[in-house]
Amino acid sequence: MDYLQINGGKKLSGSVTISGAKNAALPIIAATILSDKEVTLTNLPNVVDIRTLLKLLTMLGGTVAHDNTVAHINNGTITSTKAVYEIVSQMRASILVLGPLLARFGECEVSLPGGCAIGQRPIDLHLKALESMGAKIEIKGGYVHAMAPDGLKGAKIIFDKITVGGTENIVMAAALAHGTTTIVNAAKEPEVVQLCEMIADAGVKIEGIGSNELSIEGTGGKPLDFKTVDIIPDRIEAGTYLCAGAITNSSITLHKVDHGHIRASIDKLESMGCTFDLQEESITIYPAKELKPVNLITIEYPGFPTDMQAQFMAVAVMAEGESLIEERLFENRFMHVSELNRLGADIWLKGSTAAVKGVEKLYGADVMATDLRASSALVLAALVAEGTTNVRRIYHLDRGYDDLEGKLAALGADIVRKKG
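Residues numbered from 1 in each chain as written. Predicted model: local features only at pLDDT ≥ 70, side-chain atom pairs only at ≥ 80, totals over all residues. Heavy atoms only, no water.

(A) Local environment of empty space enclosed by the protein. Enumeration according to the criterion identifies two cavities of 30 Å³ or more in this entry. As a volume, the largest cavity reaches approximately 40 Å³. Looking at the largest cavity, the residues that line it are Arg 235, Ile 236, His 261, Ile 262, Ala 264, Ser 265, Pro 305 and Met 308. Elements with a minimum of two residues in the lining of the largest cavity: helix H8 (235-247) and helix H9 (263-271). (1 Å grid on protein atoms, 1.4 Å probe; cavity = no way out; pocket = protein on both sides within 12 Å on 5 of 7 lines; lining within 4 Å. Points joined across faces, edges and corners; volume = space filled by probe spheres on them. Helix = DSSP H or I, 4+ residues; strand = E, 2+ residues; numbered from the N terminus.)

(B) Examining the pattern of salt bridges more closely. Per the counting criterion, the structure on display carries 17 salt bridges. One salt bridge in this structure joins Lys 22 and Asp 49, with 3.3 Å as the shortest N-O distance. On the criterion of sequence distance, the pair formed by Lys 22 in helix H1 (residues 22-31) and Asp 49 in helix H2 (residues 48-60) is long-range, its members being 27 residues apart. When sorted by exposure, Lys 22 lands in the same class as Asp 49, which is buried. The residue Glu 270 makes a salt bridge to Arg 263 at a minimum N-O spacing of 3.8 Å. On the accessibility criterion, Arg 263 (34% relative accessible area) is partly exposed. Members of the salt-bridge network, linked through shared partners, are Asp 2, Asp 398, Glu 405, Arg 417 and Lys 419. (Salt bridge = Lys/Arg side-chain N within 4 Å of Asp/Glu carboxyl O. Buried < 20%, exposed > 50% of the residue type's maximum accessible area, 1.4 Å probe, protein only.)

(C) Broad picture of the pairing of strand S17 (residues 282-286). Of all five residues making up S17, four are buried, and the element is well covered by its neighbours. Relative to S17, strand S15 (residues 251-255) runs antiparallel, the two sharing four bridges. Within the sheet, the bridge partner assigned to Leu 254 lies in S17 and is Ile 283. Note: strand S16 (residues 275-278) against S17, four bridges, orientation antiparallel. By the bridge assignment for S17, Thr 275 is matched with Tyr 286. The turn linking S16 back onto S17 is made up of three residues. (Pairing = 2+ DSSP bridges.)

(D) Representation of the side chain of Gln 194 within the structure. Take Gln 194: it is sitting in helix H7 (residues 190-201). Exposure remark for Gln 194: the relative accessible area of 8% places this residue in the buried category. Among the polar contacts made by the side chain of Gln 194, one reaches the main-chain carbonyl oxygen of Asp 230 at a distance of 2.8 Å. Discounting chain neighbours no more than four positions away, the residues touching Gln 194 are Ala 24, Ile 28, Val 229, Asp 230, Ile 231 and Ile 232. (Polar contact = N/O pair within 3.5 Å; in protein donor to acceptor, adjacent residues only side chain to side chain. Contact = heavy atoms within 4.5 Å.)

Here it is in structure tokens:
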């Protein structure tokens, strides 16, 4: 199994180009099921999750030509509407095929999802919303069997809590439904916005894009004809590289980035003493004279993202003083704490809050990644640890970061991928 070997203490410098957003690309790939014509996607990140979902489309009978950052997808050839456990168990986002398959074909079977073990992420909100649109749903043998032989009907959907995947699934389902669907308490993440814009560009009338209430006028079952979609930059990858600059006391420049999408991370790093130069599609971070502690609470967009919590915890380990980090979205998202403490961090947990007491030094050790973002936190800590750190189980990293070790090495980090 691959692992990353990192010799810490190196200053970083230079620039890095941010890849397309995995979390935008996945629902957009799923949305191509709404079309029976070829769809071209560009700026795809070269990560495992993208390849997994494209493989699922081919298993359904779709035709996919994929070359690194570009995919040509034709789902006019789909012959099966069963998304099997073999694929869906590898990646939670596979559940996003449920809405479009049901909307286009009137019936589908989708395995219950898998993915990172960061806590309960039930799909009951997705299913309840589809039932409101007239679907009959049965869960049997680990599969969701959904039926709407006469097509889905527009409905008013009120989500009890904000759900990104639920919003995306219902937006896709509503695009081909009969009548108008209203989603109240919709997610507002940039990835949701791009999905809505893609569907609107195909002629579906959508009101409220970027707000917490969406109104979607369906086509009554008529498949969509999509234009080429260029995937937005990955705001979590961008935030991770900003944290790399902060923790190593280095100045680095990110290209192809949308500062509006990473405003929460910029604001927190500014409060820690870092400064920034923002250009149209680039951002340069300058290190803090003295890294200050930070208090943060994870919350839905535009608040501080849960996907950046682990990376900021790594930075807080090197701050002068005590930081408080509260995780409100996922109950198991502190599994990186014990591994950071193996490197010499001083972190205490009480319920959903972590108290991080800054230390002068970290020391290299063998550590194990437990989920995607925890992996990047361990890599960040290893960049400043004295000696050698081996980060194991990096298949988590490969699911969501496009050539992390290559990009960090180009910035001056001593990092190599090894087998063993």
